Amino acid sequence: MKRYRKLIEALALTCLMLATSYAIGLASTLTPPYVIAIQDTGANTHPSRVGVDPERGLAYVLDQQGAIWVFAGVEMTATLPGGSPNYVAVDPGGYAYVTQRDGGAVRVLEGKNLQGTVSLGGKLSGAAVVLTPTHDVYVALPAVNQVAVFRGYGAVPVTYVTVETTPFALAADPTNERIYVANQGSANVSVLQGTTVITTIPVGQSPAAVAVNPAKDYVYVANSGDNTVSIIHDLAVVQTVDVGHVPGDIAVNPVNGRVYVVNNGDPDNSGSLSVLQDAQAAPVATALEGNDLRAVDVNPRSSYIYVIGGRGGGGTVAVLSDTLVIETFLPVGHSPADVAVDPVSDLGYASLYKAMGGEMGQVVVLGRSEASVAPIDPVTGGTLACDGVNDRPIQIEVPPGAVTETVTLLCAAWEPNTLPAYHFAGQGFLLKVYKFGIHRPAYQFQTPITVRAAYPTPLPGNADVAKLELRIGASGEGVWGTTGIVSQEVQTAPPQVVATLLRLPERSQDGYALVTPAGKIYLPLVLKATH
């Protein structure tokens, strides 16, 4: 479970905003999460678990080869020595703790700095969680059936609490200050208050994950050995729910009481996502069937659900709305490992072992931005005006007959990060089509639509206006093409590029940018941030 320091009111769902736009004709909203950057971590790296600090706006990604990467927004801003990193637990605004597979000292980070270590006597350290009201960290020591409790770094006192067999997963309830320890070898949960075990609760076979809804005092335990979830309330199991095959990671939305359980699947049965509601006796929905899922997180502010999965080279990153509409479904590289979302910055981070078709490890960053939307009717067509970069206007004109059904057109300002072969010329945008809230990638119009995109004068670096052109691409990628662009013309009065488009980009992360050929790399900002 990914944890948040406090409960936050849910915002209106983007898909409902899009639906509302049919009635009002034009609306300003936020885009659904989409891929805004894919960062290579280098050859022979192995990105694994992810943790976020929403108070500092940082994300920590562990490299099983020995590094800790610190991300601020979309950029990797620090690489720290990680030893043999295993799990990461974050106290928002405080310390981040990185446990060790080889029994080495726990690394303690503060922001982007490695402050020190804490020795646990050479014991292998596994999952960890921070109890935010006390700032104590609880670390599972599965080989010796203990949980270590401490705070800070250096020669700090460490208390060792004996639990049951093979403590594997932990969760903290900041409301009652209890810690729940899933003991995989003994099929039960130890409940700690401070450093005292107050009770042990039997659950299903091989509990693999535990998560808490502090708003309702429910605790959810995924039992991978018998395909169930045990629901605990008032220190007793009140419900056992049958889910999919080999349940693993769990994410809880405390705002609406929804619980998302990743079913990993096995060689004979594919995985899925089970959706539970409070303590109901059966899942209320199942999604992403046929996918071998690995990890899940949810943003309680927006209710978007982030899921990664896949095996070998068939990895995927998916984002679903609260109604389980798939907003983003992106094939990525090998062996996705973990995903976490920062509810304040609205950025999600997904780690994967290797890039698609390559040898690089990668971190996929997903985000949202302000957008304008408008309904497009197949008979009358429609227009959409939106603010581009630095509020420079963009006008989209869709002629009658260009669409075969009523759809929603979305436009948002977009500034790509690092164009290896081009200078960014100060104007960029995302253009997407939705049908009932569902993104339609590679949308094909029946007749070309017209886009009028204003550019700044003079151009950045006093670039030659005659060399200005509209291209399609993604942040950080060297190949920027013109697929789907039928024609384009540079006009000087007013200063704008007028282009006709027949097909929209196929990939979620692709956008349009006005560019000029680059003699050197130009580094603009990435995204018009919305918090």
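Rules of the game
- Residues numbered from 1 in each chain as written.
- Predicted model: local features only at pLDDT ≥ 70, side-chain atom pairs only at ≥ 80, totals over all residues.
- Heavy atoms only, no water.
- Helix = DSSP H or I, 4+ residues; strand = E, 2+ residues; numbered from the N terminus.
- Buried < 20%, exposed > 50% of the residue type's maximum accessible area, 1.4 Å probe, protein only.
- Contact = heavy atoms within 4.5 Å.
- Areas by Shrake-Rupley, 256 points an atom, 1.4 Å probe, with all protein chains shown as cover.
- Pairing = 2+ DSSP bridges.
- Axes fitted to C-alpha atoms, helices over the stretch in contact; angles between N-to-C directions.
- Core = buried A, V, L, I, M, F, W, Y, C linked by side-chain atoms within 4.5 Å.
- Disulfide = S-S within 2.5 Å.
- Phe/Tyr/Trp six-rings, centres within 6.5 Å; stacked < 30°, edge-to-face > 60°.
- Lys NZ or Arg CZ within 6 Å of the ring centre and 35° of its normal.
- Salt bridge = Lys/Arg side-chain N within 4 Å of Asp/Glu carboxyl O.
- pLDDT = per-residue confidence, 0-100.
- Polar contact = N/O pair within 3.5 Å; in protein donor to acceptor, adjacent residues only side chain to side chain.

Before going further, it helps to spend a moment on the overall build of the chain. For the chain, the count of helices and strands is one helix and 44 strands. Per-residue burial for the chain yields a buried fraction of 58% across its 531 residues. Pairs at least 24 residues apart make up 54% of the contacts formed inside the chain by residues separated by at least 6 positions. Accessible surface computed for the chain: about 19000 Å², of which carbon and sulfur atoms make up 50%.

The four strands lie next to each other as 2-33-32-31, forming an open sheet whose pairing is antiparallel. Lying at the two open borders of the sheet, with one neighbouring strand each, are strand 2 (34-43) and strand 31 (334-342). The mean angle between the axes of side-by-side strands here comes to 20°, regardless of whether they run parallel or antiparallel. Relative to strand 33 (residues 360-367), strand 2 is paired through eight bridges, and the arrangement is antiparallel.

A few words now on the nonpolar core. Counting residues in hydrophobic clusters, the biggest one holds 33 residues, and the most contacted among them are Ile396, Phe429, Leu431, Leu501 and Tyr512. Not counting the four nearest positions on each side in its chain, Leu501 is found in contact with Leu431, Phe445, Pro448, Ile449, Val451, Gly484, Ile485, Val486 and Tyr512. Ile36, Trp69, Ala340 and Ala412 belong to the second largest nonpolar core, which has 30 residues in total.

In this section: the state of the cysteines. Throughout the structure, instances matching the rule amount to one disulfide. Note that Cys386 is cross-linked by a disulfide to Cys411, the S-S spacing being 2.1 Å. Taken together, the residues span a long stretch of sequence, with Cys386 in strand 35 (residues 382-387) and Cys411 in strand 37 (residues 407-413) at a distance of 25 residues. Assigned by exposure class, Cys386 and Cys411 land together as buried.

So, about the packing of aromatic side chains. The tally for this structure, following the rule as stated, stands at eight aromatic pairs. Here the aromatic rings of Tyr443 and Phe445 are separated by 5.2 Å at their centres, their planes lie at 70°, and the arrangement is edge-to-face. Considered together, Tyr443 and Phe445 belong to a single accessibility category, that of buried residues. Among the aromatic side chains, those forming a connected cluster through ring pairs are Tyr95, Tyr97, Phe150 and Tyr153. Here the guanidinium or amino end of Arg49 rests over the ring plane of Tyr87, the centre of that ring lying 3.6 Å away. Over the aromatic face of Tyr160 sits the side chain of Lys123, whose NZ or CZ is 3.9 Å from the ring centroid.

Right, let's talk about the pairing of strand 37 for a bit. Judged by how many residues are buried, strand 37 sits mostly within the fold: seven of seven residues are covered. Of the two faces of strand 37, the one carrying Val407, Leu409, Cys411 and Ala413 and the one carrying Thr408, Leu410 and Ala412 are both buried. When strand 34 (residues 370-376) meets strand 37, the two strands line up antiparallel, connected through five bridges. Bridge pairing links Val373 to Leu410 in strand 37.

What follows is about the pattern of salt bridges. Tallied over the full model, the rule gives eight salt bridges. One salt bridge connects Asp346 with Arg368, and the closest N-O pair in it is separated by 3.3 Å. A residue pair is termed long-range when its members are at least 10 positions apart, and Asp346 in the loop between strand 31 and strand 32 (347-354) and Arg368 in the loop between strand 33 and strand 34 qualify at 22 residues. When salt bridges that share partners are traced, they join Asp53, Arg56 and Glu110 into one network.

Right, let's get into the sheet that holds strand 3 (residues 47-53). Strand order in this open sheet of four strands is 3-4-5-6, and the pairing throughout is antiparallel. Two strands lie at the open edges of the sheet, namely strand 3 and strand 6 (75-81), each paired on one side alone. Going across the sheet, the axis of each strand differs from the next one's by a mean of 25°, ignoring polarity. Summarising the sheet, strand 4 (residues 58-63) and strand 5 (residues 67-72) pair through six bridges and their orientation is antiparallel. Looking at strand 5, one finds that Tyr60 is bridged to Val70.

Here we come to the environment of Val465. Relative to the helices and strands, Val465 is located in the loop between strand 40 (444-454) and strand 41 (469-473). Owing to a relative accessible area of 26%, Val465 belongs among the partly exposed residues under this scheme. When the C-alpha atoms of Val465 and Thr492 are compared, they prove to be 8.6 Å apart, with 27 residues separating the residues in sequence. Val465 has contacts with Tyr455, Leu459 and Val490, leaving out every residue within four places of it along the chain.

In this section: the pairing of strand 9 (residues 106-110). Side-chain direction in a regular strand flips from residue to residue, so the side chains alternate between the two faces of the sheet. Burial of strand 9 is extensive: four of the five residues sit out of reach of the surface. Where strand 8 (residues 95-100) meets strand 9, four bridges bridge the pair, whose relative direction is antiparallel. From the neighbouring strand, Tyr97 faces strand 9, where its bridge partner is Val108. The turn linking strand 8 back onto strand 9 is made up of five residues, and Gly103 within it adopts a positive phi angle of 85°.

Residue-level pLDDT values for the chain average 88, and 90% of them are 70 or greater. The model gives residues 1-27 a pLDDT under 50, and that stretch makes 85 contacts with residues more than four places away or in other chains. A low-confidence stretch, residues 520-531 (pLDDT under 50), is modelled with 40 contacts involving residues beyond four sequence positions or located in other chains.

You can see Arg503 is positioned in strand 43 (residues 495-503). Among residues more than four places away in sequence, those in contact with Arg503 are Ala442, Tyr443, Gln444, Thr483, Gly484 and Tyr512.

Cis geometry is adopted by the peptide bond preceding Pro458, which originates at Thr457 and carries an omega value of -5°. At Asn44, a position not held by glycine, the phi torsion is positive, near 60°. With respect to the helices and strands, Asn44 occurs in the loop between strand 2 and strand 3.

Moving on: the side chain of Asn253. With respect to the element layout, Asn253 can be found in strand 23 (residues 247-253). You can call Asn253 buried: its relative accessible area is 0%. Within the structure, the side chain of Asn253 is placed 3.3 Å from the side chain of Ser303, a separation counted as a polar contact. What Asn253 contacts, discounting residues up to four positions off in sequence, is Asn213, Arg258, Tyr260, Val298, Asn299, Pro300 and Ser303.

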